Structure formats: C-alpha cells, structure tokens
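# Close look at the chain arrangement
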Amino acid sequence: MANKERTDTARMEKIVSLCKRRGFIFQAGEIYGGLNGCWDYGPLGAELKRNLKDYWWRKTVQERDDVLGMDGAILTMEQVLISSGHVGGFSDPMCDCLLSKVRMRADQVPSLTGAVYHFSGATLPDSSWKSEKAYSVMKLEGMDEAKLRKTAREYYSQFFNDAIVDKKASLKAIELTGERTESLENTTSYNPENGSLLTEPRQFNLMLQTNFGATGEQIAYLRPETAQSIFCQYKNVLDSNRIKLPFGIAQCGKSFRNEINPRNFTFRSREFEQMEIEYFCHPDDGMRLTDEWLAERLAFYEAIGIPRHKLHILDVPDGERAFYSKKTYDIEYEFPFGVQELEGVAYRTDYDLGVHAKGSNKPLEYFDEETKQRFIPHVVEPSAGCDRTILALICEAYDEEVITDENGKEDVRTVLRFKPSMAPVKVGIFPMLKKNEQQVAIAKQIQKTLQPWMMCFYDDGGALGRRYRRQDEVGTPFCITVDFESLGENDSPLKDTVTIRHRDSMQQERIAISELLAWLLPRVR
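Residues numbered from 1 in each chain as written. Predicted model: local features only at pLDDT ≥ 70, side-chain atom pairs only at ≥ 80, totals over all residues. Heavy atoms only, no water.

### So, the overall build of the protein
Quick reminder of the rule: In this description a helix means any DSSP run of H or I spanning at least four residues, a strand means any run of E spanning at least two, and both kinds are numbered starting from the N terminus. Under the scheme applied here, a residue whose accessible area is under 20% of the maximum for its type counts as buried, over 50% as exposed, and between as partly exposed, the area being computed with a 1.4 Å probe on protein chains only. Any two residues whose heavy atoms approach within 4.5 Å at even a single point are treated as in contact. His is not counted, nor are the chain ends; Lys and Arg add positive charge and Asp and Glu add negative charge. By convention, the point assigned to a charge is CZ for Arg, NZ for Lys, CD for Glu and CG for Asp.
Counting secondary structure elements, the protein contains 13 helices and 30 strands. The dimensions of the protein, computed from C-alpha atoms along their principal axes, are 95 × 75 × 55 Å. The buried share of the protein, taken over its 525 residues, is 49%. Look at the contacts in the protein between residues 6 or more apart in sequence, and 66% of them connect residues 24 or more apart. Between the averaged position of the 69 positive side-chain charges in the protein and that of its 80 negative side-chain charges there is a distance of 3 Å.

Have a look at this one:
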C-alpha cells in the first residue's frame, strides 16, 4: 500500500510549469492577478479534456445498452436543493488561525498534546496602547519559549492603531500580560503549523447562490453536483424511452463549490467538471452492482493510461460514509502531492428519489410488469472528477528520460507518455526542409488528408530533432517526416513513403503515404 503522505514537490512544480508553458492549463484571469480556484484550459488542455470526455461517453453511453445520456441545466431551483438536503446542510465546519488567517476545515485539524501558554492581553510601554484580548499558543515540538512568546507578540501587533508608526520596533517592546500555562491532551484548537489558537468552528456554505428574474427575486444555485438534475428527470427519461430496470443516466458537465482552500493545482477547484452515472436498480441488486461498477471503473482508468498499481481502493467505513450510503468505494491515485480521490462509487439506496418524490409530491415509483411490484428504485453512483482525471493523466504521463547521443553526450528528454487515444495531438507532420517546395506540398497534403480524422500539427521550423522534442513534450505519439526518399530522388524505391517516428521508443519506420490513415486510425483510438 502506498504511503498517502509521500509527496514529490519538485516533480509537481515541473508539471505545473509545463502545463502553462505548452498551453495545457492557465490560471483564470491571470493578467488581473488570477481568480483563485478557477482554471482555463488552453489549446492542448482543451483537446486532452475533450478526448477524455469523448472516451468516457463512448464507453459509458455509446457502447452500452443500459445507460442513456442527458445534459442538465447548471442553474438549479432552490426547492430541488432543499429537498436533496444541500440547502441548510451542504457546508463544512471551518476555523481560522488567529495569527496567519489561514482557513482550515475543523474536522481535518490534527489532535495535539502539549503545554499551552495563555495570555490575558498585552501592553506597549511608553504608550497608551494596550489589548485585553485573550490569546494562547501551544508549544510545538522544537519551539522554545522565546519563539512562543514572539508568536504571541505577532498576534497582538495586529491590533496596533495608526499612532504606532514603527511597528517592527514596537513588536519587540510588547509586554505580554497574565501569562499562565496548562497541559492539554488531544486538542484541536491550535494550528499545527505555528501553534496559534484557532477560532471556534463555524459552518461555511459551499454552494454558490445567484438571483435572477426581472427584479432578482428568484433564488437559484450554480449546481454543486450534476446528480440532482438526473434524479429530477429520472421519470421523464424512463417514460420517454423504452427501457427497464436496471438502467443508468449519464451526464458530464460543470459543477461549482465554494471551496474554502483551493489547492494542489486543478485538483481542488471552485469550478470543475464531473462525469457521473446514476444507475437505477432493484433494491436487491444494489450491493452487487456497486461491486460491478467498481470493477468497470478500474478497467476504465487502466484503458486511458493509469496503471492499476497506481490506483488504490478505499472501502469507506460506516462512520465516514454519507448517512444515506450503504456502501462507498473511493478510487484513489498516487499524485505527486499524495494519494487522493479520483472517483467515488456509492450505493445511495433510495434516498435521492425518495426525497424528491416527497419534496415535489410527484410519484417516482417504478412498476415492474413481471413481478407486479411498485417500488422506488435504488441508485448506484459512479462519480468521477474530469479535471482530477486530466491532472492524473498528465502526472502519470510526465517523464524525464536521460538519453546519450552518438558522441556520448547525455541529455534529458522531457516527454508526456499519453496513451494515443488521450494525446491532444495525434500526429506531427514535418517536411525535412522548409525550403523544399515538393516536401512542403506533400506534407500539407498529408495534413489535409488526416485532419478530418484526428488532431494534427504541422511544423517546419528549426532542426528536425528539435521538432521531435517539441512534440515529445506535449505527448504526440507519432511524427511523420517527408524527406528526399519520399520524392524518389536518385530513383529511390522509397518514393511516396514517409518516415513515422514513435514517441516512446524513438524508433522509425517507413509507411506508404497511401496507407497512413489506415495505419494510424486503429492506433490513436
């Protein structure tokens, strides 16, 4: 089992740098300082995301007889989210560090044991300034009393008034008052980074509300998940299609959450895309189907290039599952910042259709014509994060390979080893010489032939080796070069053939131009 705390910060920094440099992902609104927790996908990132979503849709909907697709509205009625429990219940307990102002989830603050120094206030000699705010600091491992009291002085210096000019000099002069100590065990009231006291936990709303209508009197929310529109349209989908239980409804789309602390690049964002399936079934089949869907989803990740040994299954224990869930698996991946969740497969029982039947006062029962039973279907939900999967694909594909040339000189080749089906660009097309009109004409014709079928990139700038490297860095699996043999110079038997170079092995082979499309198609799907 992987160490969940194991991280590789240097590797992650290189990945983030490459994503910006090569046009995969940009900070939203970057020229204005950036919008925290929001990201724009550049040309290559947009292609990578489209490939993932298209493949997910093909495997989930197109190639199955028991799953239908839909595309629900982003704006969600308030009543829908009241019934689902989101309004009034979709919040996290948060607390703030009184010193650094860092906001933390209260249920994720680790328990600490040690000596706590309490202060009743502080004064500044030779001035009228004083503070009577109570404050305390926990003595952390490696922290001496001088450092602890400096932390307290830094806290009180926040309340200097405008009359205090030299705040740096005044910090040293602050006198702490009412000092006393006590020993505390397993307390979650202190910041593990600096020992500072935290505020009392308070609920923080995770949904983004908006108002609309002529006078703005109507309340709606940017949906916190795609699932609720599926539950609301379950009966319409059932009645308008010739389908019986068990069946699923799939949806891929944007969701929004007011994340308190967006972090780890695109992993935890305020605007993100989900790939969700709500699979409706008989109550007796729920547990079995949950295990079956887990196996399906693991196979999906392997098919897109995430190896099974990098995936971990967390069987969420009773006390940590949502109250309505009878079984939940988290599929986790070994990111450079630790092992984190990619997807959840949850058995939600009949909770969702039950609350919407009650809230809407509309019957959502299913009538089984064979058994003559009426019942509210149970639901198994495989819910994947599209943006998290994109990040996992990039992290898994990123490689630095040391290669040695014919002169014995070592060089580092940066390469993204995407599965060809996921790669943003499927093939690079190069004339060997930019000034050779015949080579350019053939290369352009090849590009024109292949473009309706796959994403191509034409490049005639710089040395051929550098062009290969540029395509390696963005994950292009194949590069086609039109050379002098392609022109049949000196009665070459290789006329009307081109060189195809493989990204991972860097090996080359020759293919007839007329056979290129047939050769490439099965290799890039």
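Now that the structure has been shown, we can carry on.
### A few points about the sheet that holds strand S14 (residues 208-212)
Keep this limit in mind: The pairing criterion for strands is at least two bridges between them, as found by DSSP. Interaxial angles span 0 to 180 degrees and are taken between N-to-C directions of axes, which are lines fitted to C-alpha atoms, for helices over the stretch in contact.
As summarised here, the arrangement of the three strands in space is S4-S15-S14, forming an open sheet in which the pairing is antiparallel. At either margin of the open sheet sits one strand with a lone partner, and together these are strand S4 (75-77) and S14. Across this sheet, the average inter-strand angle for adjacent strands is 45 degrees, counted without regard to direction. Bridge count for S4 against strand S15 (residues 218-222) is three bridges, and the pairing is antiparallel. Residue pairing for S15: Thr76 is matched across the bridge by Tyr221.

### Some details on the environment of Gly29
Locating Gly29 in the fold gives a position in the loop between strand S1 (25-27) and strand S2 (39-41). It is 14 Å that separates the C-alpha atoms of Gly29 and Glu271, two residues lying 242 residues apart in sequence. Sequence-distant contacts of Gly29, that is, excluding residues within four places in its chain, are made with Gly34 and Asp40.

### What to know about the environment of Ile376
Tracing the sequence through the fold places Ile376 in the loop between strand S22 (373-375) and strand S23 (378-385). The spacing of Ile376 and Thr349 is 27 residues in sequence and 9.4 Å in space, taken between C-alpha atoms. Excluding residues that lie within four positions of it along the chain, Ile376 makes contacts with Asp350, Leu353, Gly354 and Glu365.

### As for the side chain of Asp96
Note the following rule: Side-chain atoms alone can form a polar contact between residues adjacent in sequence; in general such a contact is a pair of N or O atoms within 3.5 Å, and within protein one must be able to donate a hydrogen while the other accepts it.
Within the secondary structure, Asp96 is located in strand S5 (residues 91-96). For Asp96, a relative accessible area of 13% puts it in the buried group. Looking at Asp96, its side chain comes within polar contact range of the side chain of Arg103, at 2.8 Å. A polar contact is formed between the side chain of Asp96 and the side chain of Arg202, at a distance of 2.6 Å. In contact with Asp96, not counting residues within four places along its chain, are Val102, Arg103, Leu197, Leu198, Thr199 and Arg202.

### Some details on helix H6 (residues 227-240)
Counted only if it meets this: Under the convention used throughout, the expected extent of a helix is 1.5 Å for every residue step, that is, one less than its residue count.
If you check H6, its first and last C-alpha atoms are 19 Å apart, about what 14 residues at 1.5 Å a residue would give, namely 20 Å. When we look at burial in H6, the residues that qualify are Ala227, Gln228, Ser229, Ile230, Phe231, Tyr234, Val237 and Leu238.

### Considering the packing of aromatic side chains
Note the threshold: Note on ring pairs: Phe, Tyr and Trp rings are taken, using the six-membered ring of Trp, and paired if centres are within 6.5 Å. Classes follow the plane angle, with under 30 degrees stacked, over 60 edge-to-face and the rest tilted. Sitting over a ring, as applied to charges here, requires NZ of Lys or CZ of Arg to be within 6 Å of the ring centre and within 35 degrees of the ring normal.
Counting across every chain of the model gives 24 aromatic pairs. Taking 6.2 Å as the distance between ring centres and 55 degrees as the angle between the ring planes, the aromatic pair formed by Trp56 and Trp57 counts as tilted. Judged by its relative accessible area of 31%, Trp57 is partly exposed. An angle of 10 degrees between the planes, with centres 6.2 Å apart, marks the rings of Tyr234 and Phe247 as stacked. Taken together, the residues span a long stretch of sequence, with Tyr234 in helix H6 and Phe247 in strand S16 (residues 247-256) at a distance of 13 residues. Joined through ring pairs, the aromatic side chains of Tyr135, Tyr155, Tyr156 and Phe159 make up one cluster. Here the basic side chain of Lys49 rests over the ring of Tyr41, its NZ or CZ set 4.0 Å away from the ring centre. If you follow Arg501 out to its NZ or CZ, it ends over the ring of Tyr468, 4.6 Å from the centre.

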